[in-house]
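These are the residues of each chain, in order.
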There are 2 protein chains.
Amino acid sequence: MSPFGTMSRRNLLTLIGATAGSAAMLRAMTTMGHAQESDYKPVKLEGDPNGASVVILGAGLAGMTAALELRDAGYNVTILEYQNRAGGRCMTLRGGDEVHEMGGFTQKVGFSEGQYLNNGPWRIPHHHQGVIHYCQRLGVELQPFVQQNDSAYLHSQTSFDGKPQRFSWVKNDYLGNVTELLAKAVNAGSLDDEVTGEVKDMLLESLRAYGALDGDMRYASNLATSNFRDYAKPPGGGLTGAPEPSVPIGRDDLLRSGLWEYLREHDTFEHHAALFQPVGGMDMIAKGFEAEVGSLITFDARVTRIAQSETGVTIDYESASGTGQGGSVTADYCVCTIPFSVLGQIDADLSSDLQNAVDGMWYYEGFKAGLEMKRRFWEQDEQIYGGITFTDLPIGQISYPSANMMSAGPGTLLAAYRFGKQAYELSALTPEQRIERCLADGEKIHGPAYRQEFVAGASWAWHRTSWTLGCYGHWDEYGTAYAQACAVDRRLVCAGEHLSYLPGWQEGAILSALDAITRLHERVMAG
Amino acid sequence: MSPFGTMSRRNLLTLIGATAGSAAMLRAMTTMGHAQESDYKPVKLEGDPNGASVVILGAGLAGMTAALELRDAGYNVTILEYQNRAGGRCMTLRGGDEVHEMGGFTQKVGFSEGQYLNNGPWRIPHHHQGVIHYCQRLGVELQPFVQQNDSAYLHSQTSFDGKPQRFSWVKNDYLGNVTELLAKAVNAGSLDDEVTGEVKDMLLESLRAYGALDGDMRYASNLATSNFRDYAKPPGGGLTGAPEPSVPIGRDDLLRSGLWEYLREHDTFEHHAALFQPVGGMDMIAKGFEAEVGSLITFDARVTRIAQSETGVTIDYESASGTGQGGSVTADYCVCTIPFSVLGQIDADLSSDLQNAVDGMWYYEGFKAGLEMKRRFWEQDEQIYGGITFTDLPIGQISYPSANMMSAGPGTLLAAYRFGKQAYELSALTPEQRIERCLADGEKIHGPAYRQEFVAGASWAWHRTSWTLGCYGHWDEYGTAYAQACAVDRRLVCAGEHLSYLPGWQEGAILSALDAITRLHERVMAG
């Protein structure tokens with residue numbers, strides 16, 4: 001797979017590794033362009049399990065990945081799922097859905113045909129090659145997700161009279177000021193112990209170019225800086241097309257606003273371009289898996305007891321809805337993808353190490369809301385196509401749909417997305433009050449259109465969801481307890497995003513499942 | 001259209017404008033979030049031209065925009081087009097196309113079904129609202145164009161042993177070093193005349209956050225910086241998922257490499273996210289226009305003379321291919337979109353001002369090549385989905401297709417894109433040599449796959465194209481000559497990208513056309 005020839009590169013790296021230690025080897029790897037982009041490797045379950053049976057608890061992405069691969073390896077697989085749907089947190093709210101929340105709130109989603117809110121995961125980094133692998137295998141079509149949008153807003157209630165600032169203004173004005181200040185210090189000789197000679201010259205040249213600094217190494221209002229931050233009047237055609245420069249935000253105002261806090265949101269590894277989303281909603285992935293392993297799933301099954309013996313596992317369950325039959329499943333092995341937040345409340349025969357890990361884990365809260373709008377005013381009136389606006393208002397952010405951009409029809413905004421205290425505050429409101437909160441906050445950024453164009457709204461609180469009791473699991477550190485939680489406990493192994501270094505990501509669920517079943521299979525093959 | 005209410009905002013701006021001058025007004029506009037994103041305004045040609053006739057020279061986007069709008073306004077429109085196709089520089093090379101170049105080179109394009117090279121314009125900024133307007137009106141579907149890709153490469157033949165560096169490494173290592181150096185200078189008090197007190201504190205806090213600096217305000221090798229630049233081993237799942245940090249490029253190596261020169265390519269106004277492309281190729285726009293005004297076009301018509309009189313214009317033309325009939329068209333008015341590079345060689349009755357502008361304009365050279373590959377190894381092996389690699393090799397850049405990403409089938413790379421000296425050097429090669437140059441250069445970045453997966457190639461030199469004699473027009477300054485070139489000359493007005501502040505962009509052609517026909521129509525209405 002290496003574009004430079006596998007053998008020669010591997011030999012070189014082995015040589016460097018042997019003589020210069022791991023840091024030098026990593027450095028050599030990265031400077032050769034071949035640091036790993038993804039931790040995904042196709043799973044290999046070799047050898048015949050001789051019809052060994054596995055019961056999988058949970059039909060989320062971890063459970064269905066395990067089911068797919070174990071079935072293909074020759075295992076006899078059954079899945080117990082609490083809900084009446086497959087996918088777990090990989091889900092999408094659509095018109096007609098009825099949403100029940102702990103605490104009694106019920107919502108009937110009123111979105112139009114084709115409109116939806118990805119209330120769980122909503123984007124797929126390009127290096128989440130596990131997710132991408134299964135999407136390709138399961139025929140789930142992906143399309144680009146617009147993460148960074150230079151025209152989206154950054155907004156602070158207490159700065160610039162509460163008026164939203166375009167991302168490109170804040171970004172380029174911040175970088176302009178940083179490069180101007182550094183150039184001044186370098187030119188004054190203040191950093192001569194760090195940079196001298198040719199390197200100093202290159203640094204100054206780079207600062208001038210990077211910051212679009214003028215001949216005096218100042219970041220000023222002119223067409224050069226406008227070509228980065230935006231124009232007051234952009235270039236046009238004919239006699240009326242002359243561009244006019246915009247005026248940068250003053251340095252002190254900019255720094256005091258704190259809006260620079262949002263600038264690097266799009267630059268983190270998870271948000272590196274390009275990103276993707278399934279065409280038609282995130283639950284297309286769930287449906288893709290279900291098409292493969294749906295026949296193995298018993299739905300509406302709330303696990304009440306997990307027992308292990310010398311020879312196998314026995315899982316008791318009852319009807320989660322109270323309308324169906326309970327039952328009991330015995331199998332040789334168990335893959336348990338039940339969130340630890342829920343597993344801790346089940347009568348389960350777990351090792352004390354595993355039980356301690358289960359009991360010690362806490363789950364993040366999480367809140368999302370979506371608003372369907374009659375027309376895409378953010379595109380038509382404000383030229384914002386996809387991407388995210390960040391604000392210190394309770395809603396936290398607004399994300400504009402990456403699907404069906406330019407459509408003359410409706411569009412559905414991610415109208416609130418919060419963790420922490422704000423997630424609890426938003427979810428404490430009634431569903432109607434939440435939507436009003438979203439409208440009131442959104443109006444402060446987008447003006448009256450935000451309310452005028454409103455069609456329908458829906459919200460989702462992961463910490464009020466009975467089958468997860470939270471959004472995703474947290475590890476203070478990935479130490480002994482983590483290793484114990486991942487280990488095969490006699491005939492049972494746990495898997496899910498909570499047993500990964502990618503908590504809250506679908507990739508974490510899939511990679512955890514692949515790692516868990518690989519070790520379980522080794523145990524089986526060892527006899 | 002203003003989200004804050006048109007009246008109050010306009011009143012406020014008028015007040016500010018009256019009392020504080022234009023700069024203050026622009027500042028107020030920009031801080032309110034409503035600086036113009038686009039210079040496009042829908043054209044309004046009011047009043048009945050009473051059947052006045054217009055002959056339009058050139059069926060490119062400027063000519064067809066003029067034709068569409070003038071026809072809709074009641075004019076009697078005819079178009080003369082040199083080629084046997086509509087669209088001008090809005091074009092796409094596909095399998096089966098035969099390409100003839102000045103100097104005698106002929107290529108028969110060997111791309112597979114569905115593969116193509118946009119040999120002219122290839123991307124549409126979101127603020128090119130003129131192009132977007134006509135795409136929507138003409139039913140041309142747009143899809144996101146991935147401009148910035150953190151995983152694409154920056155490459156220098158003389159740095160890092162010629163090994164390509166991921167964009168995210170260079171970007172984040174540069175920003176890490178800049179923020180570290182500035183923090184040092186600020187902490188040393190070197191900039192106390194610029195920043196003090198709370199602002200100084202905020203600056204330091206922002207630098208720490210922006211650069212992912214450690215507790216000693218250093219940009220170091222750790223998981224925090226890896227979360228921006230890339231990991232040596234990215235986070236995974238289960239027991240094997242622990243991430244490993246990568247090692248940043250050393251400051252001196254980074255600055256000496258000059259790779260920072262490419263960092264801001266994606267941050268200029270034209271490249272602000274989001275960008276778009278037509279589904280299926282850029283010529284979908286040409287076809288969209290042609291569906292509307294194709295019946296007005298006489299193809300294969302080389303204009304040989306442009307005459308004006310008191311009452312109208314007479315255009316003589318001959319068969320460009322030599323196989324058809326020439327002829328003569330008389331009309332009340334003429335919109336001439338012929339590039340000045342070509343117009344200067346035609347016997348035309350132009351005012352001396354206009355003739356001087358025509359004769360004084362020079363056109364940029366431009367070279368593009370495309371390579372179809374059997375499989376998308378840049379996606380499958382290197383996790384590069386869309387975006388652009390920049391290099392100091394002759395090819396200049398490689399761009400990865402934004403369409404059909406994740407496809408198991410073939411993909412076509414933009415394998416060279418140059419202006420300047422390198423465009424001439426590349427186009428001086430035979431078509432076969434050009435492809436070999438692309439393969440040899442591409443191999444240095446992507447390794448042997450680049451040649452192994454090669455299917456077919458095509459190239460295009462705009463300066464060797466008989467109907468443009470160049471890529472796009474250049475103005476040293478937008479002064480008197482520009483105004484004279486845009487002015488209505490008796491019964492004729494010129495339009496095209498060369499008469500815009502957006503040279504080389506389709507938006508420039510469209511906005512120029514709209515401006516020109518608006519002024520021509522005013523002349524007609526004035527009688």
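The model shown is predicted, which means the values in this text are computed figures rather than measured ones.

Cut-offs used in this document
Residues take numbers from 1 onward in each chain, read along the sequence in its written order. For this description, chains carry letters from A and ligands carry numbers from 1, given in the order in which they are written. A pLDDT threshold of at least 70 governs which residues receive local features in this predicted model, and a stricter bar of 80 or more applies before side-chain atom pairs are shown or counted, although totals over entire chains, interfaces and linings include all residues. Every helix listed is a DSSP run of H or I at least four residues long, and every strand listed is a run of E at least two residues long, numbered separately from the N terminus. The atom set for the radius of gyration is the C-alpha atoms, and the globule formula is 2.2 Å times the number of residues raised to the power 0.38. Exposed residues have 12 or fewer other C-beta atoms within 10 Å of their own C-beta, buried residues have 20 or more, and partly exposed residues fall in between, where C-beta atoms are placed from the backbone. C-beta atoms are placed from the backbone for every residue, and two residues are taken to be in contact when these atoms lie within 7 Å. Each domain's extent is set by a domain assignment, obtained either automatically or from a database. Residues are grouped as follows: nonpolar covers Ala, Val, Leu, Ile, Met, Phe, Trp, Tyr, Cys and Pro; charged covers Asp, Glu, Lys and Arg; every other residue, Gly included, is treated as polar. Here, strands pair whenever DSSP counts at least two bridges between them.

1. Observations regarding the overall build of chain A
Along the backbone of chain A there are 16 helices and 27 strands. Taking 24 Å as the expected radius of gyration for a compact globule of 527 residues, we find that chain A reaches 27 Å, a close match to that expectation. When the 527 residues of chain A are sorted by exposure, 56% land in the buried category. Put simply, 69% of the contacts in chain A that link residues at least 6 apart link residues at least 24 apart.

2. Examining the domain arrangement of chain A
Residue and element names in this part refer to chain A. For chain A, the assigned domains are domain 1 (55-88 + 298-362 + 478-526), domain 2 (93-151 + 273-281 + 365-464) and domain 3 (167-249). The straight-line distance from the C-alpha centre of domain 1 to that of domain 2 is 30 Å. Taken together, the contacts link six residues of domain 1 with five residues of domain 2. Among the elements that make up the side of domain 1 that touches domain 2, the one with the highest residue count is helix α16 (residues 506-526) (four residues). Here the side of domain 1 that touches domain 2 is composed, by residue class, of three nonpolar, two polar and one charged.

3. Overview of the interface of chain A and chain B
Listed per partner, the contact involves 110 residues of chain A and 110 residues of chain B. At eight residues, helix α4 (residues 167-187) of chain A tops the list of elements feeding residues into the side of chain A that touches chain B. Residue composition of the side of chain A that touches chain B, grouped by class: 55 nonpolar, 36 polar and 19 charged.

4. Comments concerning helix α8 (residues 283-293) of chain B
Residue and element names in this part refer to chain B. Burial of α8 is extensive: eight of the eleven residues sit out of reach of the surface. Inspection of α8 places Asp283, Met284, Ile285, Ala286, Lys287, Gly288, Phe289 and Val293 among the buried residues, and these make up the whole buried set. In this fold, the buried residues of α8 make contact with α2 (61-72), β2 (76-80), α3 (129-138), β13 (275-278) and β14 (297-298).

5. Some points on the sheet that holds strand β16 (residues 313-319) of chain A
Note on sheets: strands pair through backbone hydrogen bonds, and any given pair is parallel or antiparallel. Residue and element names in this part refer to chain A. The strand order β17-β16-β15-β19 describes an open sheet built from four strands, whose pairing is mixed. Edge positions in the sheet fall to β17 (327-331) and β19 (347-348), since each has one partner strand and no second. One ladder, built from five bridges, connects β16 with β17; its direction is antiparallel. Its bridge partner lying in β17, Tyr317 is registered against Gly327.

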